[in-house]
Amino acid sequence: MLNHDETSRVRGTSNLVSSVLDLCGNDVPIIFMADTNIISQKVSVEDIFLSTESINNPLAGLVEFSDGDSPYTCCNEDPPTQFAMDRIAVTHGPVGLKDGGGQLHIRNLNGGASVQGDTIDTFLGNKGYVCNSQEEHAPIVALISYSSSELMQSQSLLRE
């Protein structure tokens, strides 16, 4: 089922898509961090957003970490970490530079549980759940880099 403007396979996301389009347009890098309510780690953020003939949806180009499955993050219940709801994704590819060379890349993703129902992976001193409420999601963190051929060209000119 599509939302009413056919920019997503998830109902209720039309306002999100139009707000991102109004605020960011299609020519800036986007970092997307959200509790998506996607239950399966096999469904990616890339699978839910679409462009149409009339709307060039900036979220249609989102890409998650390339190692495959999203971590299980929801929730602090018994059993824990049953759903892969929390996601971090970036626009991947040209982001409006004159030479079309800017890209965001997720270099590393930590947190959540790699196996459904397993314990939370700890990182950077993280101890896991913080509030200890049943609704709490496990924290995740991403190392994101930006590369630009314009930036690299200017750095090489500075070295010369």
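Here the structure is shown first, and the text comes after it.
Just so we're clear, the structure is a prediction, and the values are computed from it rather than from any experiment. (Residues numbered from 1 in each chain as written. Predicted model: local features only at pLDDT ≥ 70, side-chain atom pairs only at ≥ 80, totals over all residues. Heavy atoms only, no water.)

### Digging into the state of the cysteines
Every disulfide links exactly two cysteines, by a covalent bond between their sulfur atoms. Evaluation of the coordinates by the stated rule reveals one disulfide. The side chain of Cys 74 participates in a disulfide bridge whose partner is Cys 75; the two sulfur atoms lie 1.9 Å from each other. Linking Cys 74 and Cys 75, the disulfide has an S-S dihedral of approximately -55° and is accordingly described as left-handed. The buried category is assigned to Cys 74, whose relative accessible area is 6%. (Disulfide = S-S within 2.5 Å. Buried < 20%, exposed > 50% of the residue type's maximum accessible area, 1.4 Å probe, protein only.)

### Regarding the packing of aromatic side chains
Aromatic rings considered in pairs are described by the distance between their centres and by the relative angle of their planes. All chains considered together, the criterion is met by one aromatic pair. Relative to Phe 49, the ring of Phe 32 lies with its centre 5.9 Å away and its plane at 80°, an arrangement referred to as edge-to-face. In this pair, Phe 32 sits in strand E1 (residues 31-35) while Phe 49 sits in the loop between E1 and strand E2 (62-63), placing the two residues 17 residues apart along the sequence. We note that Phe 32, like Phe 49, is buried. (Phe/Tyr/Trp six-rings, centres within 6.5 Å; stacked < 30°, edge-to-face > 60°. Helix = DSSP H or I, 4+ residues; strand = E, 2+ residues; numbered from the N terminus.)

### Quick look at the side chain of Asp 5
Relative to the elements of secondary structure, Asp 5 occurs in the segment before helix H1 (14-24). A polar contact is formed between the side chain of Asp 5 and the side chain of Thr 7, at a distance of 2.7 Å. Setting aside anything within four residues of it in sequence, one finds Asp 5 in contact with Ser 14, Thr 52 and Ile 55. (Polar contact = N/O pair within 3.5 Å; in protein donor to acceptor, adjacent residues only side chain to side chain. Contact = heavy atoms within 4.5 Å.)

### Observations concerning the pattern of salt bridges
Under the definition given, this model contains one salt bridge. The closest approach of N and O atoms between Glu 64 and Arg 87, which form a salt bridge, is 3.3 Å. Placement of the pair is Glu 64 in the loop between E2 and strand E3 (86-91) and Arg 87 in strand E3, with a sequence separation of 23 residues. The buried category is assigned to Arg 87, whose relative accessible area is 1%. (Salt bridge = Lys/Arg side-chain N within 4 Å of Asp/Glu carboxyl O.)

### A word on the sheet that holds E1
Strand pairing in a sheet relies on backbone hydrogen bonds. The paired strands run either parallel or antiparallel. Taken together, the three strands give an open sheet; going across it, the order is E1-E3-E2, and neighbouring strands pair in antiparallel fashion. Every other strand in the sheet has two partners, leaving E1 and E2 as the edge strands with one partner each. Here E1 pairs with E3 via five bridges, running antiparallel. When the bridges of E3 are listed, Phe 32 appears paired with Ala 89. (Pairing = 2+ DSSP bridges.)

### Structural notes on the environment of Gly 25
Among the secondary structure elements, Gly 25 is positioned in the loop between H1 and E1. We classify Gly 25 as buried; its relative accessible area is 19%. Sequence separation of Gly 25 and Asn 56 is 31 residues, and the distance between their C-alpha atoms is 9.1 Å. Discounting residues that sit within four places of it in the chain, Gly 25 has contacts with Val 20 and Pro 58.

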